[in-house]
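Residues per chain are reported as follows:
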There are 2 protein chains.
Amino acid sequence: MSGRILVVDDVKANVRLLEARLGAEYFEVRSAVSGAQALEILADWPCDIVLLDVMMPGLDGFEVCRRIKTDPRLAHIPVVLITALDRSEDRIRGLRAGADEFLSKPVNDVALVARVRNLIGLKRLTDELRLRAQTGSQFGLSSDFDPAGEAPASLLVVDDRPGSAERLAAALSRDYDVAVEPSAAQALLSASNGAYDTILINLRLAGYDALRLVSQLRSLDRTRLVPIVLIADADDTARVTRALDLGVNDHLVRPVDKTELAIRVRTQVSRKRAIDRLAADVEQTLAMAVTDPLSGLRNRRYLETHLASELQQAADAGLPLALMLVDIDHFKRINDLHGHDAGDGVIRDVARRLRSHTRSLDLACRFGGEEFVMLMPETDLERAAGIAERLRKVIEAEPFRLPSADEMLVTVSIGVAAYQGRGDSGTAMLKRADQALYRAKAEGRNRIALDAGASQAGERAAIPSSPGNASGIAARRR
Amino acid sequence: MSGRILVVDDVKANVRLLEARLGAEYFEVRSAVSGAQALEILADWPCDIVLLDVMMPGLDGFEVCRRIKTDPRLAHIPVVLITALDRSEDRIRGLRAGADEFLSKPVNDVALVARVRNLIGLKRLTDELRLRAQTGSQFGLSSDFDPAGEAPASLLVVDDRPGSAERLAAALSRDYDVAVEPSAAQALLSASNGAYDTILINLRLAGYDALRLVSQLRSLDRTRLVPIVLIADADDTARVTRALDLGVNDHLVRPVDKTELAIRVRTQVSRKRAIDRLAADVEQTLAMAVTDPLSGLRNRRYLETHLASELQQAADAGLPLALMLVDIDHFKRINDLHGHDAGDGVIRDVARRLRSHTRSLDLACRFGGEEFVMLMPETDLERAAGIAERLRKVIEAEPFRLPSADEMLVTVSIGVAAYQGRGDSGTAMLKRADQALYRAKAEGRNRIALDAGASQAGERAAIPSSPGNASGIAARRR
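Procedures and definitions
- Residues numbered from 1 in each chain as written.
- Chains lettered and ligands numbered in written order.
- Predicted model: local features only at pLDDT ≥ 70, side-chain atom pairs only at ≥ 80, totals over all residues.
- Heavy atoms only, no water.
- Contact = heavy atoms within 4.5 Å.
- Buried area = accessible area lost by both parts, 1.4 Å probe.
- Salt bridge = Lys/Arg side-chain N within 4 Å of Asp/Glu carboxyl O.
- Polar contact = N/O pair within 3.5 Å; in protein donor to acceptor, adjacent residues only side chain to side chain.
- Helix = DSSP H or I, 4+ residues; strand = E, 2+ residues; numbered from the N terminus.
- Buried < 20%, exposed > 50% of the residue type's maximum accessible area, 1.4 Å probe, protein only.
- Pairing = 2+ DSSP bridges.
- Arc of directions from axis to C-beta.
- Phe/Tyr/Trp six-rings, centres within 6.5 Å; stacked < 30°, edge-to-face > 60°.
- Lys NZ or Arg CZ within 6 Å of the ring centre and 35° of its normal.
- Domains from an automatic or database assignment.
- Nonpolar A, V, L, I, M, F, W, Y, C, P; charged D, E, K, R; others polar.
- Axes fitted to C-alpha atoms, helices over the stretch in contact; angles between N-to-C directions.
- Parallel < 35°, antiparallel > 145°, perpendicular 65-115°, else oblique.
- Left-handed = near helix turned anticlockwise from the far one by under 90°.
- UniProt positions renumbered as here; feature names shortened; annotations may be inferred.
- Least-squares fit on C-alpha atoms with pLDDT ≥ 70 in both.

Draft legend 1. A look at the interface of chain A and chain B. If you look at the interface, chain A gives 63 residues, while chain B gives 64 residues. Of the roughly 5,700 Å² buried where chain A meets chain B, counting both sides, 49% is carbon and sulfur surface. Linking chain A with chain B are 10 salt bridges. On the surface where chain A and chain B come into contact, there are 22 residue pairs in polar contact (both at pLDDT 80 or more). By residue number, the principal contributor to the side of chain A that touches chain B is helix 5 (residues 109-138) of chain A, which donates nine residues.

Draft legend 2. Quick peek at the pairing of strand 13 (residues 371-377) of chain B. All names here are of chain B. A large share of strand 13 lies buried, amounting to seven of its seven residues. Residues E371, V373, L375 and P377 of strand 13 are buried on one face, and the alternating residues F372, M374 and M376, pointing to the opposite face, are buried as well. Here five bridges tie strand 12 (residues 363-368) to strand 13, and the two strands are oriented antiparallel to one another. Across the sheet, the residue bridging to L363 is L375, located in strand 13. Adjacent in sequence and paired antiparallel, strand 12 and strand 13 are bridged by two residues, among which G369 carries a positive phi angle near 45°.

Draft legend 3. Examining helix 6 (residues 162-172) of chain B more closely. All names here are of chain B. S164, A165, L168, A169 and L172 are the residues of helix 6 that are buried. Down the axis of helix 6, the buried side of the element spans an arc of 130°, and every buried residue falls inside it. In helix 6, the exposed positions that point more than 90 degrees away from the buried face belong to P162, E166, R167 and A170. Buried-residue contacts for helix 6 involve strand 6 (154-158), strand 7 (177-181), strand 8 (198-202), strand 9 (228-232) and helix 10 (258-288).

Draft legend 4. Structural detail: the packing of aromatic side chains. Following the criterion strictly, the structure yields zero aromatic pairs over all chains and no others. Positioned over the ring face of F400 of chain A is R353 of chain A, at 3.8 Å from the centre of the ring. We note R298 of chain B situated over the ring of Y302 of chain B; from NZ or CZ to the ring centre the distance is 4.7 Å.

Draft legend 5. Broad picture of the domain arrangement of chain A. Residue and element names in this part refer to chain A. Looking at the assigned domains, one finds that chain A contains domain 1 (1-137), domain 2 (141-289) and domain 3 (300-472). Between domain 1 and domain 2, the C-alpha centre-to-centre distance is 23 Å. Between domain 1 and domain 2, the contact holds 19 residues from the first and 20 residues from the second. Both faces combined, the contact of domain 1 with domain 2 buries some 2,000 Å², and carbon together with sulfur accounts for 60% of it. Taken together, domain 1 and domain 2 are joined by two salt bridges. We note a salt bridge from D100 to R271, for which the minimum N-O separation is 2.7 Å. Per-element accounting of the side of domain 1 that touches domain 2 gives the leading share, 12 residues, to helix 5. Taken together, the residues of the side of domain 1 that touches domain 2 break down into eight nonpolar, five polar and six charged.

Draft legend 6. Broad picture of the sheet that holds strand 3 (residues 49-53) of chain A. All names here are of chain A. Here five strands make up an open sheet; going across it, the order is 2-1-3-4-5 and the pairing parallel. Across the chains shown, the open sheet's two edge strands, defined by having one partner strand only, are strand 2 (28-32) and strand 5 (101-104). In this sheet, adjacent strand axes meet at a mean angle of 20° when their direction is disregarded. One ladder, built from four bridges, connects strand 4 (residues 79-83) with strand 5; its direction is parallel.

Draft legend 7. Looking closely at the packing of helix 2 (residues 35-44) of chain A against helix 3 (residues 61-70) of chain A. All names here are of chain A. Contact geometry of helix 2 with helix 3 gives a least axis separation of 10 Å together with a crossing angle of 20°. With respect to each other, helix 2 and helix 3 are oriented roughly parallel. Like other packed secondary-structure pairs, helix 2 and helix 3 cross with a definite hand, here right-handed. Each of G35, L39 and L42 in helix 2 lies in contact with helix 3, whose residues at this interface are V64, R67 and I68. Taken together, the residues that form the contact of helix 2 with helix 3 break down as four nonpolar, one polar and one charged.

Draft legend 8. Broad picture of the packing of helix 11 (residues 300-317) of chain A against helix 15 (residues 426-442) of chain A. Residues and elements named next belong to chain A. At a closest axis distance of 9 Å, the pairing of helix 11 and helix 15 adopts a crossing angle of 110°. Judged by the inter-axis angle, helix 11 sits roughly perpendicular to helix 15. Counting all contacts with helix 11, which are made through L303, L307 and L311, the residues of helix 15 involved are G426, M429 and L430.

Draft legend 9. View of the UniProt feature "domain: Response regulatory" (unreviewed entry) in chain A. All names here are of chain A. Feature annotation in UniProt places "domain: Response regulatory" (unreviewed entry) on residues 4-120 and 154-269, given in this structure's numbering. Its end C-alpha atoms 9 Å apart, residues 4-120 is made of 46% helix and 21% strand. Along residues 154-269, the helical share is 46% and the strand share 21%, with 9 Å between the first and last C-alpha atoms.

Draft legend 10. Expanded view of the relation of the copies chain A and chain B. Of the transformation superimposing chain A on chain B, the axial component is 0.1 Å and the angular component is 180°, with the fit at an RMSD of 0.2 Å. Look at the turn and shift together and you get a two-fold axis relating the two. Of every C-alpha in chain A, the one belonging to A289 of chain A sits nearest the axis of rotation, 1.7 Å from it. A share of 100% of interface residues in chain A that are also interface residues in chain B marks the association as one of identical surfaces.

Draft legend 11. Fine view of the sheet that holds strand 13 of chain B. All names here are of chain B. Spatial ordering of the open sheet is given by 12-13-11-16-17, a layout of five strands whose pairing is mixed. The strands lining the two open edges of the sheet, one partner per strand, are strand 12 and strand 17 (448-450). Going from strand to strand, the sheet's axes swing by 20° on average, the running direction of each strand aside. Sitting on the sheet, helix 15 (residues 426-442) is in contact with strand 11 (321-328), strand 12, strand 13, strand 16 (412-418) and strand 17, with an inclination near 145° to strand 16.

Draft legend 12. Layout of the pattern of salt bridges. If you walk through the whole model with that rule in mind, you get 96 salt bridges over all chains. A salt bridge links R300 of chain A to D344 of chain B, with the nearest nitrogen and oxygen atoms 3.6 Å apart. Pair noted here: R300 of chain A is in helix 11 and D344 of chain B is in helix 13 (residues 340-356), and the two residues belong to different chains. Overall, the relative accessible area of 25% leaves R300 of chain A in the partly exposed class. Each of the salt bridges in this network shares a partner with another, and the network as a whole consists of D48, K123, R124, D127 and R130 of chain A.

Following this line, the structure appears as structure tokens:
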């Protein structure tokens, strides 16, 4: 493991000692002799961890920690506070300032390296995600993810010793939804199904090796980023070191101080939520790339990517494939007479009706402007014509409500084309549907027209599925 | 470190031995007694590493490795071949099959754990990236990144012993661009600037600790994913183990077999390129989310995100801000008369002319359909009117070429609005620009109109910058 460490201590001898120990492990070390200097270095040295002496003149360690943890550009960097005494009130003060870990002087080498490796390892897990989300925000993207609107965080307590489990649950259930699971196997299952924000594990499970459970949780995609807090005893040092190597996020030593428990759990929960937010940002950005923002349908780019593979599948499976091009009649007039908001509303409503006529296999997308495409796998021209005609009627039948609260009737014209077998292409299909659409428009709008090429090729008869309503279907040329 | 390991060996005793050793380190272990069973397990157990015995009846280790490495769903999983003998020809055969590492029987515990940790650690670095890229491809996105069109890979050889450096460079320069750098400090600088595909380091640098260089390369964002191959001596075992912990990707032992060198470097280079591709995919997807595919301009979503922050900046700095809404005149007619391809071509060409009139501060975007918005920071209404009028003329002056090779004249109408200080909003600005645009249309098109509200508010006179051409500017109401 490699990484960049900032050591902050006003006593130069302490700095040199830590530099030597960490340098021997090949970590990159820089040092600062004051809090102010530390903050200066952090401003442009992307580091992986800060080792921070508490007792310093000027800004003390608590204050430097607080500033790091409240700066959005730095908050993800783990901070280890180095305290002269291992006092509970110092720990609580440090935790409130956002510290991730504590080491007391004189610093034990093994504990130091284990904690540094653990914290850098945890940071690495989300570095890539953070990098992607940053790129997204450079592009001006940000999610609508609202942490305030979330359900209360849920915790899983894995403990097969009833007394201990009850005490933990009692201490936490005021602020969290707490589930207690005595069986490690069941806990693993439930953790990978449920969406826990933090998992607390009794290191001294009676029926299972708690470290194995940690390892299993870290190996599953669905739980690898869920914070794990261990409850250990004072003489569990060796196993805690092991647990750090396996990637636990924090641990508490019995007897558990309730304030400390509350703060440590809160820190892990808010970290988990921050990671969820990053993931949601990136996910949403990806979804945005293929979604038309006005209609919520897939966009033209998505259609074009998929059309080729749908054609391939149709060719391979010998199945039909059809598409329709739907165009809102006199759309320009709607915009001109009622304004763009009205036009946008009509597009949204047509999209909604289109979507309600989409089977699970179908792909409805906004092709651009007032045009929509519906791609219909396993559907021949005849069946597609039936679907198109029904859609035409659904749009004609029910008036559209305008922002002014007035209602207006809107109609669409639809061109339908079917896949003509190998040699045919998505572009050619779209072109034929466009030609059919043009005929539907030319023959008076509010009607559907079928690709003339299909019957020329002698493939399928272009007969509407509802002959009683053939008036809506433009006569095919020749 | 935790992770999932698949152990494949037809001798059950060997399987049990590896299971016990790795289980004691808390790795999740599953086992298979044949190559066929291994491939079955891999099909739905996402594992982090495969330990593969070479000598098995049925599919041997080489063949199983080859199948893993040629399956796009599995190729990223590292494979360690376990061979009875450490023979060069077996290694070369294994490398050709895509193996990442070799261990010879009897397997040394320290070597086993060091290699497993190293390979899982390297895999973790790109897991998140792979996950994101997968999400992108679920959305039907894929980049146009073309590996065949790339420049030859470039290598950096860090070696301050002239003879050894020359031998390495000579062996590799037929297939790669090879740079030799004797100074470690210079190598670090050059690696973080240049885009090397793989870095080879002599573990026995005379003037610098090679492991420190490895650590430094792994700590820099720009080099943390660049493959590092060490050239070591047979008695460097302890330092090689250390290097594995620091994240080197591979190592070769002197005397260096040229075939082995060639294959190992090729493997690292192609891995690097695969990672570059993943990163490019994700990056491109993010860019796609804010780009209008037809015009190449930023899309409406991007404008809306940025408008708020531009307004804020204008307010904070007390600077003007203007925008124009550009609409192609009679666009529907272009589509109807000349087809959608012609319409698309006109949109692209208007975008091109718009872009050529965009200063570096400005933001040009396609607002939807045949409408464009140009956002102009530090620009008042008067100056914006001048820019709008010039743009109008540029579009009017030069005919547009249609797909039919015919040319046609196209004109635009433009509405211009300026920020009116605190209390104003992006939506309100767009609305005022839209009202101005409506007037420009109503008064005959091919003209610009200024937001009437601006002079009502007594803020700025709406005088065109080129009064000689005032004919193109719609008179303001009242």
